[in-house]
Amino acid sequence: MLIARTVAQLRQHLSAYKKPAFVPTMGNLHEGHLSLMRMAKAQGDVSVASIFVNRLQFLPGEDFASYPRTFDNDCEKLRSVGCDVLFAPDEDELYPQAQSFKLLPDPALADILEGQFRPGFFTGVCTVVLKLFHCVFAHSGGVAVFGQKDFQQLLILRRMMTQLAMPVDIITGETTRAPDGLALSSRNGYLSVDERIEAVQLSMVLKSLAASVRVEAGSGRFDVTAAETAAMAGLRDRGWAPDYITLRYQHDLSPVTAVGSQPLVVLGAARLGKTRLIDNLVV
Ligand code: PAF
């Protein structure tokens, strides 16, 4: 596996290929990332991962400084799945000047849910993804693989590809879960032993909401707001601080007015102790 530390080195190496398949990450890799890497290997003529903890997508007071940086371990994992190239720039390389040009995603998509609780988050994500794509896809189009766990991020990035006419196809990997159902996340490592046992409740609440939607679909009796409120109250009673548990249309994440007409997704974000977890389930 080639480790490129500079944009020039990466571009020079990738100039020999026609279809890079790329998995951007912030490191501290787990099986979810590796499954995306395996998908990438099957898609392009060279597989590329990046590790870059992107300051722009962290709010003041969030965990930028303490975000786990596990570079040697990550390299071993990437090698084990046959990753060809790792792009691992430091901050001065990717942001040689303070990044004052930023991408402003559509507020209708980016200022709700995650964007409501983490203002500016998607500006940071879109800006870094655009920049990483300019580095990786400098000579050709290609494929980028993202996990469905970040459902809103995925929707926004797909729209960004379309609206900016970028020659990159986005493909999606399903959320990888621990045997108990907890969605794998680099932040799960923040959980204490007891919190780790409790953490599965977020996915269980989403599952039960999705199940009641399925049962009630078409009956015209399903009260979305009441179901969301009850789900949040259930988590609160167990000591969680939920930001949102909500049922939305998959195509634009707008609130659901009629169950049964279009594909839906249940999304949730909640804090357990100091750890903020997110998850979703398509219905
Ligand atoms: O999903 C992530 O890990 C990050 O948001 C991404 C896409 C690597 C951008 O920093």
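In this report, the structure presented in the accompanying data block is examined. (Residues numbered from 1 in each chain as written. Predicted model: local features only at pLDDT ≥ 70, side-chain atom pairs only at ≥ 80, totals over all residues. Heavy atoms only, no water.)

### A word on the sheet that holds strand β7 (residues 241-249)
Point 1. Taken together, 3 strands build an open sheet; the order of strands is β7-β8-β9 and the sheet is antiparallel. Edge positions in the open sheet fall to β7 and β9 (275-282), since each of these has one partner strand only. Sheet twist, expressed as the mean angle between neighbouring strand axes with direction ignored, is 10°.
Point 2. One ladder, built from 8 bridges, connects strand β8 (residues 264-272) with β9; its direction is antiparallel. Each bridged residue has a counterpart across the sheet, and for A269 the counterpart in β9 is I278.
Point 3. In this fold helix α11 (residues 224-237) packs onto β7 and β8, with an angle of close to 155° to the strand it touches most, β7. (Pairing = 2+ DSSP bridges. Helix = DSSP H or I, 4+ residues; strand = E, 2+ residues; numbered from the N terminus. Axes fitted to C-alpha atoms, helices over the stretch in contact; angles between N-to-C directions. Contact = heavy atoms within 4.5 Å.)

### Regarding the packing of helix α7 (residues 121-136) against helix α8 (residues 151-163)
Point 1. Where α7 meets α8, the closest approach of the two axes is 11 Å, and the angle between their N-to-C directions is 50°. Taken as axis vectors, α7 and α8 run oblique relative to one another. By crossing handedness, the relation of α7 to α8 is classed as right-handed. Each of F121, F122, V125, C126, V129, L130 and F133 in α7 lies in contact with α8, whose residues at this interface are Q152, Q153, I156, L157, M160 and M161. (Parallel < 35°, antiparallel > 145°, perpendicular 65-115°, else oblique. Left-handed = near helix turned anticlockwise from the far one by under 90°.)

### Let's talk about α8
Point 1. Between its first and last C-alpha, α8 extends 19 Å over 13 residues, near the 18 Å set by a 1.5 Å rise per residue.
Point 2. When we look at burial in α8, the residues that qualify are F151, Q152, Q153, L154, L155, I156, L157, M160 and M161.
Point 3. Phi turns positive, to about 50°, at A165, one or two residues after α8. (Expected span 1.5 Å × (residues − 1). Buried < 20%, exposed > 50% of the residue type's maximum accessible area, 1.4 Å probe, protein only.)

### Section: the nonpolar core
Point 1. Residues L10, F87, V129, F133, F146 and L157 are the most contacted members of the largest nonpolar core, which totals 45 residues.
Point 2. The biggest single contributor to this core is α7, with 11 residues.
Point 3. Contacts of F146, omitting those with residues within four sequence positions, involve P24, L36, V129, F133, Q153, L154, L157, I170, I171, T172 and G173.
Point 4. Counting 27 residues, the second-largest nonpolar core is a separate cluster that includes L182, L209, A231 and L235. (Core = buried A, V, L, I, M, F, W, Y, C linked by side-chain atoms within 4.5 Å.)

### Considering the side chain of N54
Point 1. Mapped onto the elements of the fold, N54 is located in the loop between β3 (46-51) and α3 (71-80).
Point 2. Taking the relative accessible area as the measure of exposure, N54 reaches 1% and is therefore buried.
Point 3. At a separation of 2.8 Å, a polar atom in the side chain of N54 contacts the side chain of Q57.
Point 4. Contact partners of N54, with chain neighbours within four places excluded, come to M26, F64, Y95, G124, V125 and V128. (Polar contact = N/O pair within 3.5 Å; in protein donor to acceptor, adjacent residues only side chain to side chain.)

### Remarks on the site of the ligand
Point 1. The ligand sits among P24, T25, M26, N54, Q57, V125, V128, F146, D150 and Q153.
Point 2. Side-chain polar atom of Q57 to an oxygen atom of the ligand: 2.7 Å apart, as the coordinates give it.
Point 3. At 2.8 Å, a side-chain N or O of Q153 approaches an oxygen atom of the ligand.
Point 4. Out of a free accessible area of 290 Å², the ligand has 88% covered by protein chains.
Point 5. Breaking the shell around the ligand down by element, the ones donating at least two residues are β2 (20-25) and α7.
Point 6. When grouped by side-chain class, the residues that make up the shell around the ligand number 5 nonpolar, 4 polar and 1 charged. (Near = heavy atom within 4 Å. Areas by Shrake-Rupley, 256 points an atom, 1.4 Å probe, with all protein chains shown as cover. Nonpolar A, V, L, I, M, F, W, Y, C, P; charged D, E, K, R; others polar.)

### Observations concerning unusual backbone geometry
Most peptide bonds take the trans configuration, and most residues that are not glycine carry a negative phi.
Point 1. Even without being glycine, L113 reaches a positive phi, approximately 50°.
Point 2. Along the chain, the position of L113 falls in the loop between α5 (107-110) and α6 (114-117).
Point 3. Positive phi, normally seen in glycine, also occurs at A165, with a value near 50°.
Point 4. Relative to the assigned elements, A165 resides in the loop between α8 and β6 (168-173).

### Digging into the packing of helix α10 (residues 200-216) against α11
Point 1. The interhelical angle for the contact between α10 and α11, taken along N-to-C directions, is 160°, at an axis separation of 10 Å. One element, α10, and the other, α11, form an angle in the roughly antiparallel class. Two packed elements cross with a definite hand, and for α10 against α11 that hand is right-handed. Along the contact surface, α10 presents Q201, L202, V205 and L209, while α11 presents A227, A231 and L235.
Point 2. Classifying every residue of the contact of α10 with α11 by side-chain character gives 6 nonpolar, 1 polar and no charged.

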